[in-house]
Amino acid sequence: MFPLRKGKAASQAHVGLPEGTFEEEHGRKGFYGRSAHLYHAHPPTNWIRFEGKLRPHCFDLNQMRPSDAGDPRGAPLAFLGNNDVKLSVSRRSEPMPFCFRNADGDELYFVHRGEGVIETDFGPLPFEKGDYVVLPRAVTYRVVPHTKDNFFLIIESKGEFEPPEKGLLGQHALYDPSVLITPEPAPILDDTSEWEVRIQCEGEFSSIWYPFHPLDVIGWKGDLTAWKLRLRDIRPVMSHRAHLPPSAHTTFVTQGAVVCSFLPRPLEQDPEALRVPFFHRNTDYDEFLFYHDGDFFSRDNIKAGMATLHPRGIHHGPHPKALANQHRKTHTDESAVMLDGLNPIHVLPAGEQVEWADYWKSWSPK
Ligand SMILES: [Fe+2]
């Protein structure tokens, strides 16, 4: 019975769209499942009014002021979350005067800005702009920035962060596993001051104190550790003849979510190929996108440090200018981090405070 083809439709998704149409991919399971391509006479984002809570969101995370921005004893601030994942911003400007341990979940730090070291049980991991640092649940660590103006996006998950299956692409696609960085033991043995370990459990902090530095591991072995992947070590895949779906850029999988990295790359060369993301209505995922660096040409009025949340059931796609100008561009220089959540992601009060309320109007053809 499948695939069916009715009316005017392209024979290859994202290529050779019927004249004057706007392609939507209506797909299941992110971009892995069954799908239909709908060729609309109008962009499905050309709405004129909204009622109810469902709408596209945009946040200027540069305006968030987590308590760790000015207080060394402060903490990151969560702005989005559900029962699987919690997204926070840390602007830590001073080294932690304590060690931290998150018993609620695994953490993925994305360094949007700043340099320094994260000291862990397993040893120190230096960080700089564009690094992902994976801190498994309950690892003891201490963030020691060397710069004042720092910006971390933190994703906390109930499950572990693991690399995706690379399937047909082979194990060296996207990045060779040998680029992953793991720490060497560096026990702190000459510090005799009293040290606090702050432990997060069920969203609350408790502390224990030691008469020595708790990061005192002189050796370790096993298949669990803190680790790091640098954006600049990811070599994105593309096809010169057809736009690949976001799933081709998957970097981590975790319980109830996947994390993708969109990186600078040449755009499709085939004159008939779509060069911007196709419209979609996020059937099975809520889609969070953090704009890290570059020129975000598919979105108007978006700058680095901003983020969008496109909930399931409502369309998103390229802004009108990007759609019109797609064939003038030969490459994209944008870097962004996407998180697709399997369950609805809720906007927390800290997110509401930095929201651009009229974002839903931004697709208006004017
Ligand atoms: Fe999307």
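Above this note sits the structure.
A brief structural summary. (Residues numbered from 1 in each chain as written. Predicted model: local features only at pLDDT ≥ 70, side-chain atom pairs only at ≥ 80, totals over all residues. Heavy atoms only, no water.)

## As for the sheet that holds strand β19 (residues 279-280)
Next, step 1: One open sheet accounts for three strands, arranged β2-β1-β19; its pairing is mixed. Bordering the open sheet on either side are β2 (35-40) and β19, each of which pairs with just one other strand. (Pairing = 2+ DSSP bridges. Helix = DSSP H or I, 4+ residues; strand = E, 2+ residues; numbered from the N terminus.)

## Let's talk about the environment of Val143
Next, step 1: Along the chain, the position of Val143 falls in strand β11 (residues 140-145).
Next, step 2: A relative accessible area of 2% means that Val143 is categorised as buried.
Next, step 3: It is 39 Å that separates the C-alpha atoms of Val143 and His243, two residues lying 100 residues apart in sequence.
Next, step 4: Not counting residues up to four positions away in its chain, the partners in contact with Val143 are Arg92, Glu94, Pro95, Met96, Tyr109, Val117, Ile118, Phe127 and Phe152. (Buried < 20%, exposed > 50% of the residue type's maximum accessible area, 1.4 Å probe, protein only. Contact = heavy atoms within 4.5 Å.)

## Side note on the nonpolar core
Next, step 1: If you look at the biggest cluster of nonpolar residues, it comprises 37 residues, and the most contacted ones within it are Leu61, Phe79, Tyr132, Phe252, Val259, Phe288 and Phe290.
Next, step 2: Setting aside residues no more than four positions away along its own chain, Leu61 makes contact with Phe79, Val89, Phe151, Phe290, Gly305, Met306, Ala307 and Val354. (Core = buried A, V, L, I, M, F, W, Y, C linked by side-chain atoms within 4.5 Å.)

## Looking at empty space enclosed by the protein
Next, step 1: Scanning the model with the defined rule gives five cavities of 30 Å³ or more in all.
Next, step 2: Approximately 100 Å³ is the volume found for the second largest cavity.
Next, step 3: Around the second largest cavity, the lining residues are Glu25, Gly27, Gly30, Phe31, His280, Arg281, Asn282, Thr283, Asp284, Tyr285, Glu287 and Asp340.
Next, step 4: Of the residues assigned to the lining of the second largest cavity, the class counts are two nonpolar, five polar and five charged. (1 Å grid on protein atoms, 1.4 Å probe; cavity = no way out; pocket = protein on both sides within 12 Å on 5 of 7 lines; lining within 4 Å. Points joined across faces, edges and corners; volume = space filled by probe spheres on them. Nonpolar A, V, L, I, M, F, W, Y, C, P; charged D, E, K, R; others polar.)

## Notes on the layout of surface pockets
Take a probe with the size of a water molecule and roll it over the atoms, and the empty space left behind shows itself.
Next, step 1: Of the volumes computed, that of the largest pocket is approximately 540 Å³.
Next, step 2: Lining the largest pocket are 17 residues, and of these Pro3, Leu4, Ser35, Ala36 and His37 sit closest to its centre.
Next, step 3: Among the residues forming the lining of the largest pocket, the class breakdown is eight nonpolar, five polar and four charged.
Next, step 4: Lining the second largest pocket are 27 residues; nearest its centre among them are Leu17, Thr21, Phe22, Leu323 and Gln326.
Next, step 5: Only β1 (22-27) and α1 (320-325) provide two or more residues apiece to the lining of the second largest pocket.
Next, step 6: Per-element accounting of the lining of the second largest pocket gives the leading share, three residues, to α1.
Next, step 7: Looking at side-chain class alone, the lining of the second largest pocket contains 17 nonpolar, seven polar and three charged residues.

## Remarks on the coordination of the iron ion
Next, step 1: In the first shell of the iron ion, the protein supplies His280 (NE2), Glu287 (OE), Glu287 (OE) and His316 (NE2), at 2.1 to 2.3 Å from the metal.
Next, step 2: Each of the four donor atoms bound to the iron ion contributes to angles spanning 59 to 153 degrees, and the resulting shape is irregular.
Next, step 3: Sequence spacing among the residues donating to the iron ion works out to H-x6-E-x28-H. Residue His280 is found in strand β19, and its partner His316 is found in the loop between β21 (306-310) and α1; the two are separated by 36 residues along the sequence. Note on accessibility: His280 and His316 belong to one class, buried. (Donors = N, O, S within 2.8 Å, 3.2 Å for Na, K, Ca; no water. Tetrahedral: all angles 85-135°; square planar, octahedral: opposite > 155°, others 65-115°.)

## A word on the sheet that holds strand β24 (residues 346-347)
Next, step 1: The strand order β15-β10-β7-β12-β5-β4-β24 describes an open sheet built from seven strands, whose pairing is antiparallel. Of all strands in the sheet, those with a lone pairing partner are β15 (227-230) and β24, marking the two edges.
Next, step 2: Pairing geometry for strand β7 (residues 106-113) and strand β10 (residues 131-135), over four bridges, is antiparallel. By the bridge assignment for β10, Phe110 is matched with Tyr132.

## Comments concerning the pairing of strand β4 (residues 77-81)
Next, step 1: Note: β4 against strand β5 (residues 85-90), four bridges, orientation antiparallel. Pairing of Ala78 across the sheet is with Ser88, part of β5.
Next, step 2: Hairpin connection from β4 to β5: three residues lie between these consecutive antiparallel strands.
Next, step 3: Here β4 runs beside β24; their pairing, made up of two bridges, is antiparallel. In the sheet register, Gly81 faces β24, and the bridge partner there is His346.

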